[in-house]
Amino acid sequence: MNIAISISQSKSTKYNRLPVVLSGLSAYKQDENIRFMIADMPSDSQHSESVQKSIIASALLNPSAKIDALMFIDDNIIFTPEQAAMIAFNLRNGKPVVSAKYVKSNGDINGAILDSESEKPYMVKEVGMGFTAIHRRVFEKMASKMPNCNLVGDTVKMFPFFMPFIKKSYVALFKNAHYYLDNESAFCARVIDCGFDIWIDPAIRIGAIRDESCFVSSIIPSAKDVAVEKVNTSDK
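Residues numbered from 1 in each chain as written. Predicted model: local features only at pLDDT ≥ 70, side-chain atom pairs only at ≥ 80, totals over all residues. Heavy atoms only, no water.

## Notes on the packing of aromatic side chains
Then, in step 1: If you walk through the whole model with that rule in mind, you get six aromatic pairs.
Then, in step 2: When the ring of F139 is compared with that of F187, the centres are 5.8 Å apart and the planes differ by 35 degrees; the resulting orientation is tilted. With F139 in helix 4 (residues 136-143) and F187 in helix 5 (residues 183-193), this residue pair connects regions lying 48 residues apart in the sequence.
Then, in step 3: The buried category is assigned to F139, whose relative accessible area is 0%. (Phe/Tyr/Trp six-rings, centres within 6.5 Å; stacked < 30°, edge-to-face > 60°. Helix = DSSP H or I, 4+ residues; strand = E, 2+ residues; numbered from the N terminus. Buried < 20%, exposed > 50% of the residue type's maximum accessible area, 1.4 Å probe, protein only.)

## Points about the pairing of strand 3 (residues 69-74)
Then, in step 1: The buried fraction of strand 3 is high, at five of six residues.
Then, in step 2: As judged from the six bridges shared by strand 1 (residues 2-8) and strand 3, these two strands associate in the parallel manner. Opposite S6, over in strand 3, you have F72 as the bridge partner.
Then, in step 3: Two strands pair when backbone bridges link them, and strand 3 and strand 7 (residues 131-135) are joined in this way by five bridges, in the antiparallel orientation. Directly across from A69, in strand 7, lies its bridge partner H135. (Pairing = 2+ DSSP bridges.)

## Examining the side chain of N90
Then, in step 1: With respect to the helices and strands, the residue N90 is situated in helix 3 (residues 81-92).
Then, in step 2: Among all residues touching N90, those that are not within four sequence positions of it are K95, V98, P121, D201 and I204. (Contact = heavy atoms within 4.5 Å.)

## Focus on the pattern of salt bridges
Then, in step 1: By the definition in use, this model includes three salt bridges.
Then, in step 2: In this structure, K53 and E184 form a salt bridge, with 3.4 Å as the shortest nitrogen-oxygen distance. With K53 in helix 2 (residues 49-60) and E184 in helix 5, the pair connects residues that are 131 residues apart, well separated along the chain.
Then, in step 3: Overall, the relative accessible area of 2% leaves K53 in the buried class.
Then, in step 4: Residue R136 is joined to E140 by a salt bridge in which the shortest nitrogen-to-oxygen separation is 2.9 Å. With R136 and E140 both in helix 4 and four residues apart, the pair spans about one turn of that helix. (Salt bridge = Lys/Arg side-chain N within 4 Å of Asp/Glu carboxyl O.)

## Description of helix 3
Then, in step 1: In this model helix 3 runs 16 Å from its N-terminal to its C-terminal C-alpha over twelve residues, within 8% of the 16 Å that 1.5 Å per residue would give.
Then, in step 2: For helix 3, the complete set of buried residues consists of P81, Q83, A84, A85, I87, A88, N90 and L91. (Expected span 1.5 Å × (residues − 1).)

## Observations regarding the packing of helix 4 against helix 5
Axes are the key here: two packed helices are described by the angle between their axes and the distance separating the axes.
Then, in step 1: Contact geometry of helix 4 with helix 5 gives a least axis separation of 10 Å together with a crossing angle of 85 degrees. In terms of axis orientation, helix 4 runs roughly perpendicular to helix 5. Contact residues: V138, F139 and M142 in helix 4; F187, R190 and V191 in helix 5.
Then, in step 2: The residue makeup of the contact of helix 4 with helix 5, split by class, is five nonpolar, no polar and one charged. (Axes fitted to C-alpha atoms, helices over the stretch in contact; angles between N-to-C directions. Parallel < 35°, antiparallel > 145°, perpendicular 65-115°, else oblique. Nonpolar A, V, L, I, M, F, W, Y, C, P; charged D, E, K, R; others polar.)

Written out as structure tokens, the structure reads:
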């Protein structure tokens, strides 16, 4: 399985772990059937984050790309190459979109559910893109339902996979309410509309740097974060 990795670079060089991320992924050789390749996502691009992600995902559909999946990783995420491979194993087993547990910038846990001790992969309605992989077939079906757009003042064309949109509430109590879906929430809504599921593998608990290293285990003390604790120790 060939997986293109798109690193979302932090605007603050304080949290820029790009060299660490790239060296770790390029060194991964434990499974000859998994190959990680880097897709550029420059932080100084003139385009918004939603457009940047859409351009990269659209390039995946080029037949010459020979890419099976696209994985987004924020450069403040602390993980091991083996944890990225665990995401790939889920894709190989048929799951279309797979993410991991990590602490997001707002302090919430990505993909959290009430049963925080769940050991098996479970479905959610949306995830952040900090450590998430999407199989090619998701983009192929989504592209069949939307136009291939020209960017104003640019020669680049792309499918607007991550374009934000307004969603009307279907709950009777809030029937007149409308919600703004940002690029990640909008993408997840389109994934579900296309008939695909979004999965969290709770066995993959990774770290995220904010003001200081913040791991899932620091939010859920009883979590069995063997892999995360290994990374935490090596980063001290």
